[in-house]
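Survey of secondary and tertiary structure
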Amino acid sequence: MVTTSGNPVGIVAEFDSPASLLHAAESLRDAGYRRFDCHSPFPIHGMDRAMGLRRSPLGWIVGMCALFGASGGLLLQWWTSAVDYPFVISGKPFFSYQAFVPVTFGLGVLLGAVAAVIGMLALSRLPMLHHPVFHSDRFARFSDEGFFVSIESSDKRFDSTETRSLIESVGGRNIETIAD
Amino acid sequence: MELHETSYKLKSPSLVGRNALMAGIIGSLLSIVGFFLNSPQFFHAYLVAYTFWLTLVLGALFFVMLQHLVGAVWSIVLRRIAESIMSAVPLMAALFIPVLIGMHDLYHWSHADAVAVDHVLKAKSAYLNTTFFIIRSVVYFAVWFLLSRALYRASVQQDSRFDHIRLAKMKRISAAGMILFALTTTFAAFDWLMSLDPHWYSTIFGVYVFSGGLLSSIVAITLICVFMRRRGVLSKEITHEHYHDLGKLTFAFMVFWAYVAFSQYLLIWYANIPEETIWYHARWIGSWKAISLLLVFGHFVVPFFIMITRPAKRNLAMMTTMALWLLFMHWVDHYWLVMPTLHQEGAALSWIDVATMLAISGLCVWFIWRRLSANAIVPVSDPRLAESMEFTNV
């Protein structure tokens, strides 16, 4: 079924096998496409490289947030125990960094873990409650037995006829235009 | 050094084994001189070098059992290297004899007259006595020997013909072995290192000693791989992906070491009971304070920030440097565990420390290298070997 209502936002095409999907991803990458995605029922080895995906910045986000959590934890304990309400415990100094390590470590881990979850969702633009590709009935098979490529028309290289012929040349079938 | 293409055996054994044996013999001769000149220094220095290598060898035994238990594929190409290291258990058992000879120089509790006037030692004498000490030592070595031999032999036998039943057997040995390993290493650490200060106790001490040993065995595997790679052996089979994974394990167990070390320290610091804090106090006197801080920063803080990134773990020059540094830190760690009982005013490095280290290192490297050259240096018939060579990190 070709959806015609609304503005076209991209195309989807079906491929026969993981290998041909991988090849299509490489061809799109080499042709300079950026805003496209591959959909398959299972992860395909080497797909990240084939699509030309760069390494996710998530590690840096997590690292910075963990550092922020740890220093915040240490600062919090220093402020509460040594500045705002100094209180002698077991005759130890007000700023007993040894005792502050567990909370510092814990807050570092906590903020790092939260940043990992939220950062992962944000970088994947999730939650996304709807996407126009789901207008295509055929596309639903990607989670079961189909191998699909979707290309968004917002891509700089996108051209309704040229992109179509590129997809066909690498073995894409059942090419559909997607409208919002 | 060259590799036979189909059997994966080292064709022309390099000079490693011979040079190591020479170093071992020279070191042994120097150590014997040291024994006659200053026997307490000799025995303590010997214990440092001995436990340095013993924990490394046992770390490799743990590594092999762990890989069997989790069914790891990436590490199969490295397994024979770890197996060769762990097969040095018989040598470690033989090298334990000087520790037994030096018992009276090393362990205060082994003096009957000292125990007679010391209430705490008298109460502990049911456990800490010479006979039971020797019996326990024999049991530890028996367990380690049987485990390492069974795993090594099953693995080598598999080279000629793969057999799923044998693989399952190695997994079963590892499962039971893991429990035996935990008990024997804990008690061995209590007996051989913690009882140097027989009044002091810490239940986590065995885990602390184990964590350093596992870390050093992982960096030792890395160093052997790099050494062979420079000579063109297994340079295609062991890829950057493997070094990356070894780097992750190095990083993880370095943090684990720090975690355990701090867990031990925090509770003792918090409770502030003199009979417990005395052990740390002894390591804060004079230059021991500098060594303690060197461990905190050199064994954890600085390597943590150096090795945390992905590019660092995939950089072979960086990994080699860090591996050598962490091995040195492992030696400092054991020096720090043992020596304060002898040099109470501060660290005092002696040439005997170097001589004993040279002796045991030479003999261990020679022994391990001989094992490595005796059979294929990868488990050639393991059906997952190809997969192990080709894996990539996401």
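What you see as residue numbers is a count from 1 along each chain, following the sequence as written. Here the convention is simple: chains get letters from A, ligands get numbers from 1, in the order in which they are written. In keeping with the predicted nature of the model, local features appear solely for residues at pLDDT of at least 70, side-chain atom pairs appear and are counted solely at 80 or more, and the whole-chain, interface and lining totals rest on all residues. Side-chain calculation: all heavy atoms of the structure are included, whereas hydrogens and water are not.

**Concerning the packing of helix α3 (residues 76-86) of chain B against helix α17 (residues 351-374) of chain B**
Residues and elements named next belong to chain B. Relative orientation of the contacting elements α3 and α17 amounts to 135°, with a least axis distance of 8 Å. On the basis of the axis angle, α3 is oblique to α17. Regarding α3 and α17, the two cross each other, and that crossing is right-handed. Counted together, R80, I81, S84 and I85 of α3 and I368, R371 and L372 of α17 form the full contact between these two elements. Each residue is assigned to one of three groups, with Ala, Val, Leu, Ile, Met, Phe, Trp, Tyr, Cys and Pro labelled nonpolar, Asp, Glu, Lys and Arg labelled charged, and all others, Gly among them, labelled polar. When its residues are assigned to classes, the contact of α3 with α17 shows 4 nonpolar, 1 polar and 2 charged. Comment: axis = line fitted to C-alpha atoms, over the contacting stretch for helices; angle = value between 0 and 180 degrees taken between N-to-C directions. Per the convention used, a helix needs a DSSP run of H or I reaching at least four residues, while a strand needs a run of E reaching at least two, with both numbered from the N terminus. Convention used here: angles under 35 degrees read as roughly parallel, angles over 145 as roughly antiparallel, angles from 65 to 115 as roughly perpendicular, and any remaining angle as oblique. Whether a crossing is left-handed or right-handed is set by the direction in which the near helix is turned from the far one by less than a right angle, anticlockwise for left-handed and clockwise for right-handed. By the convention used here, residues are in contact when the closest approach between their heavy atoms is within 4.5 Å.

**A closer look at the state of the cysteines**
Two cysteine sulfurs form what is called a disulfide whenever their separation falls within 2.5 Å. Taken as a whole, this structure holds 0 disulfides over all chains when the rule is applied. Not engaged in a disulfide, the cysteine B:C364 finds its nearest cysteine sulfur in B:C225; these two sulfurs lie 19 Å apart.

**A word on the sheet that holds strand β2 (residues 36-39) of chain A**
All names here are of chain A. By this definition, two strands are paired if DSSP reports at least two bridges between them. The strand order across the open sheet formed by 4 strands is β2-β3-β1-β4, and the pairing between neighbours is antiparallel. Where the open sheet ends on each side, the last strands, each with one partner, are β2 and β4 (173-179). Strand-to-strand twist in this sheet, taken as the mean axis angle between neighbours without regard to direction, amounts to 20°. Where strand β1 (residues 8-15) and strand β3 (residues 147-152) come together, 6 bridges link them in antiparallel fashion. Note that in β3 the partner of E14 across the bridge is F148.

**Remarks on empty space enclosed by the protein**
If a probe as big as a water molecule is rolled over the atoms, it shows which places are left empty. Residues and elements named next belong to chain B. Using only the protein atoms, space was sampled on a 1 Å grid; points where a 1.4 Å probe fits but cannot get out form cavities, open sets with protein on both sides within 12 Å along at least five of seven lines form pockets, and lining residues are those with an atom within 4 Å of a point. Grid points are joined across faces, edges and corners, and a volume is the space filled by probe spheres set on the points. Following the criterion strictly, the structure yields 2 cavities of 30 Å³ or more and no others. Quantified by volume, the largest cavity comes out at close to 140 Å³. Along the wall of the largest cavity there are 17 residues; nearest its centre are L54, T55, L58, T185 and V209. Every element with two or more residues in the lining of the largest cavity is listed here: α2 (39-70), α10 (164-192) and α11 (205-230). Considered class by class, the residues forming the lining of the largest cavity number 11 nonpolar, 6 polar and no charged. Size it by volume and the second largest cavity reaches roughly 60 Å³. Every element with two or more residues in the lining of the second largest cavity is listed here: α2, α3 and α10.

**Some thoughts on the domain arrangement of chain A**
What marks off one domain from the next here is an automatic or database domain assignment. On domain assignment, one finds that chain A holds domain 1 (8-55 + 129-179) and domain 2 (58-123). The C-alpha centroid of domain 2 of chain A is placed 44 Å from the C-alpha centroid of domain 1 of chain A.

**Structural notes on the side chain of B:S75**
All names here are of chain B. Within the fold, S75 resides in the loop between α2 and α3. Classification of S75 as buried rests on a relative accessible area of 1%. Pairs of N or O atoms are called polar contacts if they sit within 3.5 Å, as long as, within protein, a hydrogen donor faces a hydrogen acceptor (for residues adjacent in sequence, only side-chain-to-side-chain pairs). Polar side-chain contacts of S75 include one of 2.9 Å to the side chain of Q67. Those residues in contact with S75 that lie beyond four places of it in its chain are Q67 and S388. Under the scheme applied here, a residue whose accessible area is under 20% of the maximum for its type counts as buried, over 50% as exposed, and between as partly exposed, the area being computed with a 1.4 Å probe on protein chains only.

**Quick word on the side chain of B:S84**
All names here are of chain B. With respect to the secondary-structure elements, S84 resides in helix α3. At 2.8 Å, the side chain of S84 forms a polar contact with the backbone oxygen of R80. Excluding residues that lie within four positions of it along the chain, S84 makes contacts with Y152, I368, R371 and L372.

**Overview of the packing of aromatic side chains**
Each aromatic ring pair is specified by the distance between its two centres and by the angle formed by the two planes. All names here are of chain B. Stacked, tilted and edge-to-face are the three classes applied to pairs of Phe, Tyr and Trp rings, where Trp contributes its six-membered ring and a pair requires centres within 6.5 Å; stacked means planes under 30 degrees apart, edge-to-face means over 60, and tilted covers the rest. Under the defined criterion, the tally for this structure stands at 51 aromatic pairs over all chains. Ring geometry for F35 and F42: centres 5.6 Å apart, planes at 70°, overall edge-to-face. On the basis of relative accessibility, which here comes to 9%, the residue F42 falls in the buried class. Taking the centre distance of 5.7 Å and the plane angle of 40° together, the rings of W288 and Y335 count as tilted. Pair noted here: W288 is in helix α14 (residues 288-307) and Y335 is in helix α16 (residues 316-338), with a separation of 47 residues, a long-range link. You'll find W288 and Y335 in the same group, each marked buried. In textbook terms, an aromatic cluster arises when at least three aromatic residues are bridged by ring pairs, as seen for F35, F36, F42, F43, Y46, Y50, F96, Y140, F141, W144 and W192. Note that R136 overlies the ring of F132, its terminal NZ or CZ placed 4.4 Å from the centroid. Charge-over-ring contacts are defined here by two conditions on Lys NZ or Arg CZ: a distance within 6 Å of the ring centre and an angle within 35 degrees of the ring normal.

**Topic: helix α1 (residues 18-30) of chain A**
Residue and element names in this part refer to chain A. In this analysis, the expected span of each helix is defined as 1.5 Å times one less than the number of residues it contains. Between the first and last C-alpha of α1 there are 18 Å, a value that for 13 residues agrees with the 18 Å anticipated at 1.5 Å per step. Within the sequence span of α1, burial applies to S20, L21, A24, A25, S27 and L28. The arc that holds the buried residues of α1, viewed along the axis, is 165°, so those residues lie on one side. Relative to its buried face, α1 has exposed residues pointing more than 90 degrees away, namely A19 and D30. Tucked inside the fold, the buried residues of α1 contact β1, β2, α2 (47-50), β3 and α5 (160-169). Arc definition: it is the arc formed by the directions from the helix axis to the C-beta atoms.

**As for α2(B)**
With 32 residues, α2(B) extends 46 Å from end C-alpha to end C-alpha; this agrees with the ideal 46 Å at 1.5 Å per step. Backbone geometry just after α2(B) places B:G71 at a positive phi near 65°.

**Observations concerning the nonpolar core**
Formed by 135 residues in total, the largest nonpolar core has its most connected members in B:Y50, B:Y107, B:W144, B:W192 and B:F205. Among the elements that make up this core, the one with the highest residue count is α2(B) (20 residues). With sequence-adjacent residues up to four places away left out, B:F205 is seen in contact with B:A189, B:F190, B:L193, B:M194, B:W200, B:Q264, B:W279 and B:L337. To form a nonpolar core, buried Ala, Val, Leu, Ile, Met, Phe, Trp, Tyr and Cys residues must be joined to one another through side-chain atoms within 4.5 Å. Counting 22 residues, the second largest nonpolar core, distinct from the first, contains A:F15, A:C38, A:I44 and A:V149.

**Remarks on a positive patch on the surface**
Residues and elements named next belong to chain B. On the surface, a cluster of positive charge is made up of R149, R153, K169 and R172. Those elements giving two or more residues to the positive patch turn out to be α9 (130-160) and α10. Topologically, K169 is positioned in helix α10. The exposure class assigned to K169 is partly exposed, which follows from its relative accessible area of 40%. Patches in this entry comprise residues that are over 30% relatively accessible and not in a salt bridge; like charges within 9 Å are linked, as are nonpolar side chains (Val, Leu, Ile, Met, Phe, Trp, Tyr) within 5 Å. Only the protein chains shown count as covering a residue, and every accessible area follows the Shrake-Rupley method with a 1.4 Å probe. For this analysis, a salt bridge means a side-chain nitrogen from Lys or Arg found within 4 Å of a carboxyl oxygen belonging to Asp or Glu. Residues scored as positive are Lys and Arg, those scored as negative are Asp and Glu, and His as well as the terminal groups of each chain are ignored. Charged groups are reduced to one reference atom each: NZ for lysine, CZ for arginine, CG for aspartic acid, CD for glutamic acid.

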